[in-house]
Amino acid sequence: MGPLSGGPDDAAIGRFLEITALVPSRSRTFTVPLANVPRYFGLSAELVTQMTSLGLPSAVRNGDVYFERSDLVNMSLRLRTGARYRTIRRFWPLALSALEGKRRIGYNLSYVANCPFPEPHTGCRFRILTPRGQSERSVSAGQSGPIFTSDLWLSCEWPELPAIAREVVDIAEHFELTWLPPAIHKDTRFMRKHGLANCLGMSRILAAEGRHRGLQARSVFGFLTSPPYGSVHYWAEVRIEGRWIPIDPLMVSTLTNWNILDSAIWTPYHSLGGILCRLGCIRRPLVMHEGKEVAASFPISHL
Ligand SMILES: [Zn+2]
């Protein structure tokens, strides 16, 4: 009986530690104190401490132990435990199964953000980026609730990808979904070298490979519309017969590898356009207050 019996298997732990060792030490920022790990990541302090003894990097400042955020996300996904894994496992397949048999799907999307000023003030305004573009929202002092809400519709029916576009999709087979520290989160050279990619890098690699083959292709960002919350996500689009088709093969392969998505129904060639709501090609802040980006959440439900 090892110290982790009943927990994650040794192969998963081994691969997690291998990947962790590939991330350059100097790219880590160590912003998450051990005390916050159970609350924000749903990972027990015991497990994190055990992983630290096996090689999970940490930093000690003023007697407190800190971790790099992306290491904790990868730990959750690789060891299939904790909040990030449970959220994805539960809500992404549900969002996809809601598309089956539909021509289009409707969502109600809200933006929830709080004024960062300590006291309510007059003239409190947010500048927000929505699926329809930029918009201003004034909030009266003490107001609570969403600063924006709207219905949106996405198509569930997308044309079949031609062979040349399928060739681009196939490139994602050589990558594993991996969170990376901010210093290397756009580093597609690192991602190609190690076969590890976050959604931003994968979208850029697929777009570049598409253009390399003479296709019109681009990387875009927007919402992954998986109720109960939308999350910011990146994917690639290829233009076929005048229509931009969203492709996100790394998401499909991740979910089918985890055995939480039916690979007979969902293949990497299948467009996930029914859960991908584009906001633009260049990442911009979604919610600004007095010229500064503020944290927000994006409750979403099916209509
Ligand atoms: Zn304000």
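One structure accompanies this document, and this report is about it. Note that the structure is a prediction, hence the values are computed from the model and not measured.

Attention shifts here to the overall build of the chain. For the chain, the count of helices and strands is 9 helices and 16 strands. Relative to a compact globule of 303 residues, whose C-alpha radius of gyration would be 19 Å, the chain shows 20 Å and is just as compact. By its C-alpha atoms, the chain is 55 × 55 × 35 Å across when sized along the principal axes. Across the 303 residues in the chain, those meeting the buried criterion constitute 33%. If you take every contact in the chain between residues at least 6 apart in sequence, the share linking residues at least 24 apart comes to 67%.

Helix length check: helix α1 (residues 10–22) (13 residues) gives 19 Å between terminal C-alpha atoms against 18 Å at 1.5 Å per residue, within 8%. Within α1, burial applies to Ile 13, Phe 16, Ile 19 and Thr 20. Looking straight down α1, one finds that the buried residues subtend no more than 130 degrees of arc, so they occupy a single side. Exposed side chains of α1 directed beyond 90 degrees from the buried face belong to Asp 10, Ala 11, Gly 14, Glu 18, Ala 21 and Leu 22. Residues of α1 that are buried make contact with α3 (45–54), α4 (69–78) and β9 (196–197).

So, on to the environment of Pro 93. Along the polypeptide, Pro 93 turns up in helix α5 (residues 82–97). Owing to 18 C-beta atoms within 10 Å, Pro 93 belongs among the partly exposed residues under this scheme. Separated by 159 residues in the primary sequence, Pro 93 and Val 252 place their C-alpha atoms 9.6 Å from one another. Residues within four places of Pro 93 in sequence aside, it is in contact with Leu 255, Ile 260 and Leu 261.

Reading the values: rules and limits
Residues numbered from 1 in each chain as written. Predicted model: local features only at pLDDT ≥ 70, side-chain atom pairs only at ≥ 80, totals over all residues. Helix = DSSP H or I, 4+ residues; strand = E, 2+ residues; numbered from the N terminus. Rg over C-alpha atoms; globule rule 2.2 N^0.38 Å. Buried ≥ 20, exposed ≤ 12 C-beta atoms within 10 Å, placed from the backbone. Contact = placed C-beta atoms within 7 Å. Expected span 1.5 Å × (residues − 1). Arc of directions from axis to C-beta.

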